[in-house]
Amino acid sequence: MTAPSESPTDPAALGARRADEYLQLLDAGRTDDAEALLAGLSDARELVFVGAGFTALARRTGRTLPTAMRAQASTRQVLLGQLRDASRRDPDGLRRWLREAGEEVRTVRRLAETARARLGDQAAVS
């Protein structure tokens, strides 16, 4: 028996998988395929669950950032939430929010990699 969060019909799990897939497509340079993935989502509920996947990824990675970077990432999450709220019933607006949320995940990941590299360099010097 699978846990509810692992169910193939669980909308939150499906949204998280779609968020991961979208990011993988972008990272592979397949922007047209990433856009097609978003275009295939017409229901506001589906779009919001993908956004929840992005939010979870960004926040999880953001918690690994140094304090100042973490505060900036948190502020960007608030702004993304405002964009989502403004687009609540507009699928095109929600897709714009998803694009920006996906870019935020990619940005936070790059910042986390940079921070790890710097801390690793400092640790090697000490």
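Reading the values: the criteria
Residues numbered from 1 in each chain as written. Predicted model: local features only at pLDDT ≥ 70, side-chain atom pairs only at ≥ 80, totals over all residues. Heavy atoms only, no water. Helix = DSSP H or I, 4+ residues; strand = E, 2+ residues; numbered from the N terminus. Buried < 20%, exposed > 50% of the residue type's maximum accessible area, 1.4 Å probe, protein only. Contact = heavy atoms within 4.5 Å. Salt bridge = Lys/Arg side-chain N within 4 Å of Asp/Glu carboxyl O.

S.K.: Looking at this structure, I do not really get the environment of Arg109. What am I missing?
M.R.: By secondary structure assignment, the location of Arg109 is in helix α5 (residues 91-125). Relative accessible area serves as the criterion here: at 28%, Arg109 is assigned to the partly exposed category. Separated by 48 residues in sequence, Arg109 and Thr61 place their C-alpha atoms 6.5 Å apart. Apart from the residues lying within four places of it in its own chain, the contact partners of Arg109 are Leu23, Asp27, Leu57 and Thr61.

S.K.: Just checking my understanding: could you explain the pattern of salt bridges for this structure?
M.R.: A side chain with one charge may pair with a side chain of the opposite charge, provided their charged atoms come close. One pass over the structure, following the stated rule, counts 10 salt bridges. A salt bridge links Arg88 to Asp85; its shortest N-O distance comes to 2.7 Å. Arg88 sits in the partly exposed class, given a relative accessible area of 47%. We note a salt bridge from Arg95 to Asp92, for which the minimum N-O separation is 2.8 Å. Taken together, the residues span about one helical turn, with Arg95 and Asp92 both in helix α5 at a distance of three residues. Using a relative accessible area of 55% as the deciding quantity, one classes Asp92 as exposed. In this structure, a network of salt bridges that share partners links the residues Asp27, Glu103 and Arg106.

S.K.: Would you take a moment to explain the environment of Leu65 for this structure?
M.R.: In this fold, Leu65 is placed in the loop between α3 (44-62) and α4 (67-86). C-alpha of Leu65 to C-alpha of Leu111: the two residues are 46 residues apart in sequence and 7.4 Å apart in space. Not counting residues up to four positions away in its chain, the partners in contact with Leu65 are Arg70, Ala73, Val108, Leu111 and Ala112.

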